[in-house]
Amino acid sequence: MNQTRQNPVREPGGREQNFVSAVVYLQGGEARILRFFKTLAEQLETHFAQYELVAVDDAADPAAVAALRRWAASCPKPLTILHMSLRQGLEASMNAGLDAAIGDYVYEFDSTELPYDPALIFTAYQTAQKGSDIVSVCPARSRGAGSGLFYRVFNANSRSAYRLRTDAFRLVSRRAINRVHAASPHLPYRKAAYAACGLRMTDLEFDGQLTDRAAGRFALAADSLLLYTDAGFKLSAGVALAMMALALAELAYTLIVFLTGHPITGWTTTMFVLTLGFAGVFAVLTIVIKYLSLLVDLNFKRQKYLIESIEKIQK
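Overview of the structure.

Cut-offs applied
- Residues numbered from 1 in each chain as written.
- Predicted model: local features only at pLDDT ≥ 70, side-chain atom pairs only at ≥ 80, totals over all residues.
- Heavy atoms only, no water.
- Salt bridge = Lys/Arg side-chain N within 4 Å of Asp/Glu carboxyl O.
- Helix = DSSP H or I, 4+ residues; strand = E, 2+ residues; numbered from the N terminus.
- Buried < 20%, exposed > 50% of the residue type's maximum accessible area, 1.4 Å probe, protein only.
- Patch = residues over 30% accessible without salt bridge, like charges linked within 9 Å, V, L, I, M, F, W, Y side chains within 5 Å.
- Areas by Shrake-Rupley, 256 points an atom, 1.4 Å probe, with all protein chains shown as cover.
- Pairing = 2+ DSSP bridges.

**Quick notes on the pattern of salt bridges**
In the structure shown here, the tally under the stated rule is eleven salt bridges. Across the pair Glu45 and Arg15 runs a salt bridge whose closest N-O atoms are separated by 3.2 Å. Separated by 30 residues along the polypeptide, Glu45 in helix α1 (residues 30-47) and Arg15 in the segment before β1 (20-25) bring together distant segments of the chain. Here Glu45 falls in the partly exposed class, since its relative accessible area comes to 26%. Linking Arg170 and Glu108 is a salt bridge whose minimum nitrogen-to-oxygen distance equals 2.7 Å. Of this pair, Arg170 sits in strand β6 (residues 169-173) while Glu108 sits in strand β4 (residues 105-109); the two residues are 62 residues apart in sequence, bridging distant segments of the chain. The same class applies to Arg170 and to Glu108, which are both buried. Connected through shared salt-bridge partners, Glu91, Glu108, Asp110, Asp167, Arg170, Arg190 and Lys191 make up one network.

**What to know about a nonpolar patch on the surface**
Together, Val284, Val288 and Leu292 make up an exposed nonpolar region whose accessible area comes to about 250 Å². Mapped onto the elements of the fold, Val288 is located in helix α10 (residues 267-298). We classify Val288 as partly exposed; its relative accessible area is 37%.

**Notes on the pairing of strand β5 (residues 134-139)**
Most of β5 sits out of view: six of its six residues are buried. Bridge count between β5 and β6: four bridges; the pairing is antiparallel. The residue bridging Ser136 from the neighbouring strand is Arg170, located in β6. Bridge analysis of β5 against strand β7 (residues 201-206) gives six bridges, and the strand direction is parallel. Paired with Pro139 across the two strands is Phe206, which belongs to β7.

Encoded structure:
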């Protein structure tokens, strides 16, 4: 169900009254994770009267989780730790975090890396208040050649008006979350789903670069190209059409040999039947590929997740 945008109401002290959630995928060592949460909590406490922290433990460092638990005992707002049953990867784990979050706006931190000015956390919210349902905070420099190639292929074949790029974190409204979940309960690639949902997106850029590299990104890239773009269909159809053209060329060659040359007895008839048959097979394959691409569009993959336990830590 769609939800209307929250009005920017402030308390007398100047803090925003909209409830915000921050979902964080735990990655890195104890010192880095603690530094990130302290910085995040400081920003949220300064600017928001109501907020919650949701940490997703996807087989994270046990020492870091224990340290986070101790820190949360003195945090002014509650911290929820989702312990995944087994390592399930970034996208499935963050889907679990999104389902647990209850905020009017939700920050998605795929990493505890901090290459940007923490003030951008609130700047993203201010940008959302100006009419954007999805705000991405992006580094000026790409993470690598592979990442750049993926985004070029994706954007060239996507039907969305918005271009995807590497981002450090994003802020999404409850309306955006509801809309993409209406299409599919489990998002195979959240960033692409937001771009395809039809709501306004805005990029904020900072001078920096991300260094974290999550595992399984190649498989995610392949799934995303199939689900959210025409790249898979175009490639498959191109191969099928090329093979059909090759079969038709062989058919033409066979007819020329039959009419002008000295064909071997039986060879011309055999090649004629084979090439004509292969041409028909590849023509049918082109049609089948199109129908399969439509089925993929209509039925997203259900990437389910398993949660072992949920901790709620409050001061």
